[in-house]
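# Architecture at a glance
Read off the chains here:
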Amino acid sequence: MTIRSTTAVRPAAVDLAFWLWLGALGAGLAEMLLRWEEAGPGGIAVRTGLYAVLALVMVRMRDGRNWARLTLAVGLGVLGTLSLVAEPIGWLLDGNDLGAAIERADLTGLLVAGSRVLHLLCVLAATPLMFTGPAGDHFTTTRVTTR
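The rules we used
- Residues numbered from 1 in each chain as written.
- Predicted model: local features only at pLDDT ≥ 70, side-chain atom pairs only at ≥ 80, totals over all residues.
- Heavy atoms only, no water.
- Core = buried A, V, L, I, M, F, W, Y, C linked by side-chain atoms within 4.5 Å.
- Buried < 20%, exposed > 50% of the residue type's maximum accessible area, 1.4 Å probe, protein only.
- Helix = DSSP H or I, 4+ residues; strand = E, 2+ residues; numbered from the N terminus.
- Contact = heavy atoms within 4.5 Å.
- Phe/Tyr/Trp six-rings, centres within 6.5 Å; stacked < 30°, edge-to-face > 60°.
- Salt bridge = Lys/Arg side-chain N within 4 Å of Asp/Glu carboxyl O.
- pLDDT = per-residue confidence, 0-100.
- Arc of directions from axis to C-beta.
- UniProt positions renumbered as here; feature names shortened; annotations may be inferred.
- Axes fitted to C-alpha atoms, helices over the stretch in contact; angles between N-to-C directions.
- Parallel < 35°, antiparallel > 145°, perpendicular 65-115°, else oblique.
- Left-handed = near helix turned anticlockwise from the far one by under 90°.
- Nonpolar A, V, L, I, M, F, W, Y, C, P; charged D, E, K, R; others polar.

### Describing the nonpolar core
One finds W21, M58, M61, L72 and M130 to be the most contacted residues of the largest nonpolar core, which totals 26 residues. Elements that contribute at least two residues to this core include exactly α1 (12–34), α2 (36–62), α3 (66–93), α5 (107–129) and α6 (133–141). Counting residues per element, this core draws most heavily on α1, at 9 residues. In this view, M61 contacts V14, A17, F18, W21, A68, R69, L72, M130 and F139; residues no more than four positions away in its chain are not counted.

Printed below as a string of structure tokens:
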């Protein structure tokens, strides 16, 4: 039998990172719902499944699983961030005018942009929190013992 034991109380930074990851997940879910027609039923099903898996990984990170911390850092912290910013950067590089786009934006467009900004801010805050000070120690002092 495998028993999970920790040598200390979970640091506040780990809990904060967990809640920030959930905030990022919520913002991604909000964007998906706002862009429902673009995604289609298949896209919605795939993203919903992915969000469920990510929520489980977030719980495992909070529990001190280093593999989960690394999965979040690389998968969402790096690759996820690139996916969030690639479309807007490409759009700007194509010569589009941000000011004009904001003036023409409808409510849905503004909400999608807001959810992306919130999503990005949560990821940028959560990623380093998992690696600093006591939070970093949490993943090295939490160990698996076998009975």
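### Some thoughts on the packing of aromatic side chains
Any aromatic ring pair is given by two values, namely how distant the centres are and how the planes are angled relative to each other. With the rule as written, the count across this model stands at 1 aromatic pair. Where F18 meets W19, the ring centres are 5.3 Å apart and the plane angle is 75 degrees; that geometry is what we call edge-to-face. Taking relative accessible area as the criterion, W19 reaches 56% and is therefore assigned exposed.

### What about the side chain of H119?
Relative to the helices and strands, H119 resides in helix α5. Those residues within four positions of H119 in sequence are excluded, and the remaining contacts are A24, A27, G28 and L84.

### Here we look at the pattern of salt bridges
With the rule as written, the count across this model stands at 7 salt bridges. Residues E31 and R35 are paired through a salt bridge, measuring 2.8 Å at the closest nitrogen-oxygen approach. With relative accessibility at 4%, the residue E31 sits in the buried group. Taking the shortest distance from any N to any O, the salt bridge between D63 and R60 comes out at 2.9 Å. Relative accessible area serves as the criterion here: at 24%, D63 is assigned to the partly exposed category. What makes R60 partly exposed here is its relative accessible area of 30%.

### As for the confidence of the model for the chain
Looking at the chain, the pLDDT average stands at 88 and 90% of residues meet or exceed 70. In this model, residues 1–7 is a region of pLDDT below 50 whose contacts with residues beyond four sequence positions or in other chains number 21 contacts.

### Observations concerning α6
Among the residues making up α6, those that are buried are A135, G136, H138 and F139. Relative to the axis of α6, the buried residues are bounded by an arc of 145 degrees and lie together on one face. Among the exposed residues of α6, those pointing more than 90 degrees away from its buried face are P134 and T140.

### Description of the UniProt feature "transmembrane region" (unreviewed entry) in the chain
On the UniProt side, "transmembrane region" (unreviewed entry) is annotated at positions that read residues 12–34, 40–59, 71–93 and 113–133 here. Between the C-alpha atoms that bound residues 12–34 the distance is 33 Å, and the span itself is 100% helix and 0% strand. Across residues 40–59, helical content stands at 100% and strand content at 0%; the span's end C-alpha atoms are separated by 29 Å.

### Structural notes on the packing of α1 against α5
When two helices pack together, their arrangement is captured by the angle between the axes and the distance separating the axes. Where α1 contacts α5, the two axes come as close as 8 Å, and the packing angle between them is 160 degrees. What the angle tells us is that α1 and α5 run roughly antiparallel. Handedness of the α1/α5 crossing: left-handed. Residues of the contact of α1 with α5, tallied by class, amount to 16 nonpolar, 6 polar and 2 charged.

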